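Inside the fold
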Amino acid sequence: MADILLSEEERLLRNSVREFAERELVPRAGELDAHPQFPWENMRALAGLGLTGLTIDPKYGGSGGTTKALVVAIEEIARACAATSVTYIAHLSLAMQTLHRFATEEQKARLLPSMVRVERVGAFCLTEPGGGSDAASLQTTATWRDGGYVLNGTKTFITNATVADVLVVFATHDRTKRAKGISCFLVERGARGLITTPLHGKMGMRASDTGTVHFEEVWVPEGNRLGPEGQGFKEAMLILDASRIAIAAQCVGIAQSAFEVALSYVQQRQAFGQRLADFQHTQFTLAEMATRLEASRLLTWQAAMLYDAGQPFIKEASMAKWMASETAVWCADRAVQFHGGYGYFSPAAAERLYRDARVLTIYEGTSEIQRLIIARHLLGR
Ligand code: CAA
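What counts as what
Residues numbered from 1 in each chain as written. Predicted model: local features only at pLDDT ≥ 70, side-chain atom pairs only at ≥ 80, totals over all residues. Heavy atoms only, no water. Helix = DSSP H or I, 4+ residues; strand = E, 2+ residues; numbered from the N terminus. Rg over C-alpha atoms; globule rule 2.2 N^0.38 Å. Buried < 20%, exposed > 50% of the residue type's maximum accessible area, 1.4 Å probe, protein only. Contact = heavy atoms within 4.5 Å. Areas by Shrake-Rupley, 256 points an atom, 1.4 Å probe, with all protein chains shown as cover. Near = heavy atom within 4 Å. Polar contact = N/O pair within 3.5 Å; in protein donor to acceptor, adjacent residues only side chain to side chain. Nonpolar A, V, L, I, M, F, W, Y, C, P; charged D, E, K, R; others polar. Expected span 1.5 Å × (residues − 1). Patch = residues over 30% accessible without salt bridge, like charges linked within 9 Å, V, L, I, M, F, W, Y side chains within 5 Å. Salt bridge = Lys/Arg side-chain N within 4 Å of Asp/Glu carboxyl O. Domains from an automatic or database assignment. Buried area = accessible area lost by both parts, 1.4 Å probe. Pairing = 2+ DSSP bridges. Core = buried A, V, L, I, M, F, W, Y, C linked by side-chain atoms within 4.5 Å.

A word on the overall build of the protein
Each helix and strand in the protein was counted, giving 10 helices and nine strands. Computed over its C-alpha atoms, the radius of gyration of the protein comes to 21 Å, within 12% of the 21 Å expected for a compact globule of 381 residues. Once the C-alpha set of the protein is aligned to its principal axes, its extents read approximately 80 × 45 × 40 Å. Counting only residues that meet the buried cut, the protein has 56% of its 381 residues in that class. In the protein, the share of contacts with a sequence separation of at least 24, taken over all contacts with a separation of at least 6, comes to 74%. Total accessible area computed for the protein in this model is approximately 16,400 Å², and 55% of it derives from carbon and sulfur atoms.

Regarding the site of the ligand
As a matter of local geometry, the ligand sits amid 26 residues, with S133, K180, R244, E364 and R376 nearest to it. A distance of 2.6 Å separates an oxygen atom of the ligand from a polar atom in the side chain of K180. Protein chains shield 74% of the accessible area of the ligand, which is 1,100 Å² for the free molecule. When residues in the shell around the ligand are grouped by element, the largest group, seven residues, is from helix α6 (residues 232-266). Looking at the shell around the ligand residue by residue, the class counts come to 14 nonpolar, five polar and seven charged.

Some remarks on helix α3 (residues 67-80)
Relative to the 20 Å expected for 14 residues at 1.5 Å per residue, α3 spans 20 Å between its end C-alpha atoms, a close match to the ideal helical length. With 14 of its 14 residues buried, α3 lies for the most part within the structure.

Quick notes on the environment of M305
Relative to the helices and strands, M305 is located in helix α7 (residues 280-308). Put simply, M305 and A69 are 236 residues apart on the chain and 9.7 Å apart in space, counted from C-alpha to C-alpha.

So, a nonpolar patch on the surface
A surface patch of nonpolar side chains, about 310 Å² in accessible area, is lined by I4, L5 and L298. Mapped onto the elements of the fold, L5 is located in the segment before α1 (8-34). Residue L5 is classed as partly exposed on the basis of its relative accessible area of 42%.

Some details on the domain arrangement of the protein
One frequently used descriptor of interface size is the decrease in accessible area upon assembly of the parts. In terms of domain boundaries, the protein breaks down into domain 1 (3-121), domain 2 (123-230) and domain 3 (233-378). On a C-alpha basis, the centroid separation for the pair domain 1 and domain 2 is 23 Å. Residue-level contacts link 26 residues of domain 1 with 21 residues of domain 2. Together, the buried faces of domain 1 and domain 2 total about 1,900 Å²; carbon and sulfur atoms form 67% of this surface. By the criterion of area lost to domain 2, the three top residues of domain 1 are T98, Q107 and V121, representing 23% of everything that side buries. Scanning the region where domain 1 abuts domain 2 turns up one salt bridge.

Some remarks on the pairing of strand β5 (residues 182-188)
In terms of burial, β5 is largely enclosed, as six of its seven residues are buried. Across seven bridges, strand β4 (residues 166-172) lies against β5 in antiparallel orientation. Counterpart to T172 in the pairing with β5 is I182.

Here we look at the pattern of salt bridges
Following the criterion strictly, the structure yields 28 salt bridges and no others. Its salt-bridge partner being R79, residue E260 comes within 2.9 Å of it at the nearest N-O pair. Here E260 is found in helix α6, whereas its partner R79 is found in helix α3, with 181 residues between them in sequence. Residue class for E260 comes out partly exposed when judged on its relative accessible area of 26%. Ionic pairing is found between R355 and E351, a salt bridge with its closest N-O pair at 2.8 Å. Taken together, the positions of R355 and E351, both in helix α9 (residues 349-357) and four residues apart, correspond to about one turn of that helix.

Describing the nonpolar core
Judged by nonpolar contacts, the single largest core of 108 residues is most densely connected at L51, Y88, L99, F124, F170 and I254. Top contributing element to this core by residue count: α6, with 19 residues.

Description of the side chain of Q107
Tracing the backbone through its elements, the reader meets Q107 in helix α5 (residues 105-116). With relative accessibility at 3%, the residue Q107 sits in the buried group. In this structure the side chain of Q107 is engaged in a polar contact, spanning 2.7 Å, whose partner is the backbone oxygen of G223. Leave out the neighbours within four places in its chain, and Q107 touches L112, L186, G223, N224 and L226.

In structure tokens:
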């Protein structure tokens, strides 16, 4: 990998997270997939290392650090356990970052330190049963009443839904205004009328918690509106823009794992009197996997570095997310193909990676949405 583009500090971080992930996350990954449960142990271990505070101001208990450092850490976490990595990203890059950027000082001081310690978990509630890609069409309503807002509606496919204590929620005051009618709200566990239910039957990332969030006349005080009224859609986009860099890093980690699994297998497995690695077709596929992987990593680091430098990065974040997610799905598919029948059964790592990878081109903006965003930038819209 292109170590030359990492600082000494980033290399040390990468090495220590890799060593930790090999020791703590890898041994639990198969079991968490076979018998899914929220990865509390992993999340608390990440907190113990200060990783759940990355990019968060030390004033709120965070460890600070750059987005580049974050992506370096995420790649290693995802390489070891994909389900833990999505739990981590939804908590930190979506929920905590929304508070970090848009909550009041009081809310940040009250909630962020306990979220850094994973005593409270966060969720980002944007997607609805009627619309994922068309986020501005959301139907959950926010109606002004008694000095606050009453929320009614349903969110779905929400990561961390049933364990979250802190929910960032997007709701509309007026659907005819689409994006301009949306505000962002903070809802805490225990709010009357807040009901969360798990979604079962997920293809992969099984230990991550995915659920539905219902709001039945949930009243929140005006102070729980994060940012100005009508700015919620822009806030969601700003958070997603940055979080897509984190997801790209997750994709790189999963692709790396698939590549390693494939590389190891083709050097052991014999067919027609030679190792799979001795066939030219195998060599060409390995070369393509490694090249796509490295291109994805470089795009991810570029997006992170642009973000850290305060330069325009949205197009590059979408390029990284699109390329890295497609790469992860492709590499996992190739890893299964090398394994033949063995790759179709658990506990082959390739089988789990294939299922885990499949969602990557769907969540946090599908590959189609990423290309739309890239094209809009190219055309100056
Ligand atoms: N950053 C900042 N502002 C933005 C923006 C961005 N990236 N994109 C749009 N906006 C602003 C626009 O400037 C516009 O404001 P003005 O009118 O003041 O200029 C406003 O938002 C509306 O923009 P558009 O008209 O472009 O909006 P649109 O309806 O065409 O939608 C979209 C744009 C890019 C398709 C958007 O809906 C989108 O990103 N959809 C995908 C949603 C998504 O990623 N969901 C993921 C859910 S979270 C998740 O998956 C987590 C998980 O489980 C792990």
